[in-house]
Amino acid sequence: MLRRRHVNVKTVKELDAFPKVPEVYVDKTAVGGTCELIIITKFLMLRVIYILMYCLILICCLIYIYLYIFIYILIYIYLYVLNYALCSF
């Protein structure tokens, strides 16, 4: 049977792996905000390019598959007509 254990909240708060940095050490500048906006913009652009490249590769694969099937059907039709022409004589 499980027992309910008493958990000390203060102990859990002290086990924080990334403690909050005091505001005295934080220096907010316009350059830092600008760099953050540039980095976020580049990240979003890379994500969009990645998604577009994935779509392009997917479309190319589908075109390749459809062309393969189309050529297979044409060869089948050609051989069927050739066989019909040879058997009719």
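Above this text is the structure in question.
Now for a description of the structure that goes with this document. If you're wondering where the values come from, they're calculated on a predicted model, not measured in any experiment.

A separate point is the overall build of the chain. Along the chain, the regular secondary structure elements total 2 helices and 0 strands. Classification of the 89 residues of the chain by burial places 0% in the buried group. Working note: accessible area of the chain is about 9800 Å², and carbon and sulfur atoms make up 73% of it.

Another aspect to go through is the state of the cysteines. Within the structure shown, the criterion is met by 0 disulfides. A disulfide-free cysteine, Cys61 has its sulfur positioned 7.0 Å from the sulfur of Cys60, the nearest such atom.

Here is what the cut-offs are and how they apply
Residues numbered from 1 in each chain as written. Predicted model: local features only at pLDDT ≥ 70, side-chain atom pairs only at ≥ 80, totals over all residues. Heavy atoms only, no water. Helix = DSSP H or I, 4+ residues; strand = E, 2+ residues; numbered from the N terminus. Buried < 20%, exposed > 50% of the residue type's maximum accessible area, 1.4 Å probe, protein only. Areas by Shrake-Rupley, 256 points an atom, 1.4 Å probe, with all protein chains shown as cover. Disulfide = S-S within 2.5 Å.

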